[in-house]
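# Chains, contacts and geometry: an overview
Next come the chains, spelled out residue by residue.
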Amino acid sequence: MASAQLTLIDGAASGGGAEKARDLSFELQQMSARQIWFLLRRHMKLVGSIVIACVAVVLIVQLQLPNRYEATATVQVELNDSTGSNQADATRNQQRVANEARMYRSQALAEQVVRDLNLNRNQAFTHGVSMTVQQAAAQLAKTTRVVSSTDSDFIDITVQSRKAELAARIANRFVDSLRKMRSQRRQTWRDGLSVALDKETARLAHDVELAERAVADFRREHLMPMGAGSAEDYQQMNRIAVEAASTAAMSSAMQAQAAGVSRAASMRTVAGATSPALDNLQKQYDDLIRQRSEISVQMGANHPQMQALSAQIAQVSKVLVQERAAVVATQQTKNDTDAGRERALALAEASAASARAGQLQSKLNAITGAAFRNNANLVDLSILDRRAEVARQAYLTTAQRAQTVQSELQTTGVNSTMVSAAAVPLQPVAPAPKKMALAAFVGSSVLAFLIVLGIEMFDNRLRSGDQLRRLFGLRTLAMLPKLEESIGATIEENPVTTQPQSLFTEVARNLASEIEELPHQGTSQRVLVTSPLPGDGKSSVALTLAAAAASMGRRAIVVDLDLRRPGPSILRSIQDGAGTPDLIDVLTHAGESRRLIPQPERHVEHDAAEGAAPTALMPVVLSTREQIRNPAAVVQGWQIGRLLDELRERFDLVVINAPAILAVRDARTLSSLADSTLMVVRWGHTTVEQLRASLQMVNNQVVGAVFNQVDYEDHARRGYGDAVQFYMGSAAYYSDAFPARQSWADRVRHAFTRKAA
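Residues numbered from 1 in each chain as written. Predicted model: local features only at pLDDT ≥ 70, side-chain atom pairs only at ≥ 80, totals over all residues. Heavy atoms only, no water.

As for its position among the elements, R182 is in helix α9 (residues 164-221). Side-chain polar atoms of R182 contact the side chain of E100, separated by 2.4 Å. (Helix = DSSP H or I, 4+ residues; strand = E, 2+ residues; numbered from the N terminus. Polar contact = N/O pair within 3.5 Å; in protein donor to acceptor, adjacent residues only side chain to side chain.)

Given below as structure tokens:
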């Protein structure tokens, strides 16, 4: 059973070791939970170191940190426009809330809070360090957290400080500082805009003055008063023409009136002319006549009183006639005077009307000429008027804007209001050793796992037969355990000979059995052993293979054709101590290999208890004692082929130790002389790229691989799922001293103390 377990045939060969296009990440993609556990277990020391270091550092830091208090103030964003109402949609409002939160996170607001609370000089805030306002604001920004909830107009401002009262005071100050900063900025903006508008207003006023002055100068220069050149000119000409015609008609009427006055003066009567004196005389005369009539009845005509009355009547009548003649003359004179005056007035008015008509006609002619001139100047005047009007409108608009800005005091837009002031915290929020230690443990575990995965992904060294099968389609023929001591300087000291019941010997015998089953010509078999690079242990594997075959009764010989390698090697050392001709002597004496190469010797072991053991053959080593000068000529010469043919007749197994493939071309040349090519892979050292390049050099003619120097304990701990993982269960079959099974505590302790030991 043990023999079957350690054969390690991981899949059948496919096309002589044809390479499959796979990469290393394929291994991680195919990992099961158990394989991940084994992955972590084989890096337990690294994982434990990372976790313990991180947790320890976090605990130390947490225990040294001072207490920190956290205070939270809640503010509500007021969303209003210039009319005091919110008319924005939900998306716009959310953006405005986000912008308000960004304002609370801004460096400018932090500096304003620092200045308002004088934090850069507060020892509790600066911790005794001298700070500028900018430095204190940067520290405040680090200890402040602003959170705005989705679909909400509330913003939480959280401040941490070593002093509980200071944390609450700072958190509650943000709203007032923001309002103050906005007020200052708006005032600065208004002042700047007001100054700019005042300057623009003054400039526009000057432009208006120049434009209007240009219009006035143009009118004065071209004798164009207001309204000149417009319809008013034609209206004025019509009025003057009508007035001139009316005045001319008036003059004619007055002249006719003067002639009529002269004729009417002669037709006036003086019959009704009177005067007060005439009226008194007429009344006196009437009274005397009435008295005489009254008395004449009583006294008669000759009565003296009648005569006296008649005399008075005659006297009064005489005076009355005289007075009436004077009154008529006076009235006639008056009539003549009035007629002359009226005629003179009519003639004067007729003359004045005639002169007025002439003046109006002259004025009409002048206005008519000016109107035609104004028509020619009207285009230029219109241009000047439009310029003046544009300047006037610009001036009025700017002046109105300046007045609006100067009188605008109400703040509009987005504002914040404190709805829940921060209370003084009673319990510190930091440090929290338990919480941070747990977080450090979880985080460092994840980090360690990622590091382990990264190491595995970037680790391209070959360690398992499953890798060879999946990446290259190459079967693993054996996994030779790592020996604590060297393989021995003579054939007799080989572990296969000295320790026939050891694990190493059993694996070597299984390898020999696998090689014997490979296809070959006749009864003899030639196997080429090579490796990607020197130092992989191919010489030891070749010698071990030959020794194992010999222990199984086969006549075996190792032909060392690694002639380019300088310095001593195990095969050269054996050749030097054997006292037989070396390879060069055999090649020089062609055809005398039977005489020069000795027959395999049987080795007899004696045991005090059991007596003589069955006889066993010993392998033959054919190498050089010294490095030759031209190894290429020897390897590529026809003598090697002839020698191998001669050896095929005398030995059952001819093991050819070829140079490393990536070092020289000899292995590719010699592979055509062998029945099979065996690749030696050094466990944990040979990389995927090295093996891939090696297989390409020999055109993928390798039938199998042998892992050399395998650390069975480490390999089993890695949990690749092959037979080596369970090698300790077969410890009773071997003479090796296997380590005892350890508990979990012992494994952890061993993982951390192995390196120190």
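After presenting the structure, the write-up continues.
Another aspect to go through is the pairing of strand β14 (residues 676-682). Within β14, six of the seven residues are buried, which leaves the element mostly enclosed by the surrounding structure. Taken together, the four bridges between strand β6 (residues 525-530) and β14 define a ladder with parallel strand orientation. Bridged to L528 within β14 is T677. In this sheet, strand β15 (residues 702-710) lies alongside β14 in parallel orientation, the contact comprising six bridges. Counted as the bridge partner of R682 is N708 from β15. (Buried < 20%, exposed > 50% of the residue type's maximum accessible area, 1.4 Å probe, protein only. Pairing = 2+ DSSP bridges.)

Looking now at empty space enclosed by the protein. Going through the model one piece at a time under the given rule, you end up with three cavities of 30 Å³ or more. Reported here for the second largest cavity is a volume of approximately 50 Å³. Surrounding the second largest cavity, 10 residues form its lining, S539, D560, D562, R565 and S569 being those nearest its centre. The residue makeup of the lining of the second largest cavity, split by class, is two nonpolar, four polar and four charged. (1 Å grid on protein atoms, 1.4 Å probe; cavity = no way out; pocket = protein on both sides within 12 Å on 5 of 7 lines; lining within 4 Å. Points joined across faces, edges and corners; volume = space filled by probe spheres on them. Nonpolar A, V, L, I, M, F, W, Y, C, P; charged D, E, K, R; others polar.)

Taken as a whole and assessed by the stated rule, the structure comprises zero aromatic pairs. We note R463 situated over the ring of W683; from NZ or CZ to the ring centre the distance is 5.8 Å. (Phe/Tyr/Trp six-rings, centres within 6.5 Å; stacked < 30°, edge-to-face > 60°. Lys NZ or Arg CZ within 6 Å of the ring centre and 35° of its normal.)

Working definition: the strands of a sheet are paired by backbone hydrogen bonds and lie parallel or antiparallel to each other. Pairing within the open sheet is parallel, and its seven strands lie in the order β5-β15-β14-β6-β13-β7-β12. A single partner strand is all that each edge strand has here, and the edge strands are β5 (476-481) and β12 (620-622). Strand-to-strand twist of the sheet, defined as the mean angle between neighbouring strand axes without regard to direction, takes the value 20 degrees. (Axes fitted to C-alpha atoms, helices over the stretch in contact; angles between N-to-C directions.)

Another aspect to go through is the confidence of the model for the protein. When pLDDT is averaged along the protein, the result is 79, and 82% of the positions lie at 70 or above. Note that pLDDT drops below 50 for residues 1-26; the model gives that stretch 68 contacts with residues more than four away or on any other chain. (pLDDT = per-residue confidence, 0-100. Contact = heavy atoms within 4.5 Å.)

Looking now at the packing of helix α3 (residues 33-42) against helix α13 (residues 433-458). Between α3 and α13, whose axes approach to 10 Å, the crossing angle comes to 95 degrees. Regarding the angle of α3 to α13, the classification is roughly perpendicular. Residues I36, L39, L40 and R42 of α3 form the contact with α13, whose participating residues are F449, V452, L453 and E456. For the contact of α3 with α13, a count of residues per class yields six nonpolar, no polar and two charged. (Parallel < 35°, antiparallel > 145°, perpendicular 65-115°, else oblique.)

Okay, the UniProt feature "transmembrane region" (unreviewed entry) in the protein next. The positions that UniProt labels "transmembrane region" (unreviewed entry) are, in the present scheme, residues 46-65. Between the C-alpha atoms that bound residues 46-65 the distance is 28 Å, and the span itself is 95% helix and 0% strand. (UniProt positions renumbered as here; feature names shortened; annotations may be inferred.)

Let's shift gears to the environment of V681. Its place among the elements puts V681 in strand β14. Distance in space between the C-alpha atoms of V681 and L533 is 9.3 Å, their sequence separation being 148 residues. With sequence-adjacent residues up to four places away left out, V681 is seen in contact with L462, T686, L691, A705, V706, F707 and N708.

Turning our eyes to something else, we now look at the pattern of salt bridges. Evaluation of the coordinates by the stated rule reveals 23 salt bridges. Its salt-bridge partner being E70, residue R145 comes within 3.7 Å of it at the nearest N-O pair. Remark: E70 occurs in strand β1 (residues 69-80) and R145 occurs in strand β2 (residues 144-148); sequence separation between them is 75 residues. Residue class for E70 comes out partly exposed when judged on its relative accessible area of 24%. Of the charged contacts in the structure, one is a salt bridge between R648 and D675, with a shortest N-O distance of 3.6 Å. Of this pair, R648 sits in helix α22 (residues 638-650) while D675 is found in the loop between α23 (666-670) and β14, placing the two residues 27 residues apart along the sequence. Residue class for R648 comes out buried when judged on its relative accessible area of 17%. Residue class for D675 comes out partly exposed when judged on its relative accessible area of 23%. Connected through shared salt-bridge partners, D116, R173 and K180 make up one network. (Salt bridge = Lys/Arg side-chain N within 4 Å of Asp/Glu carboxyl O.)

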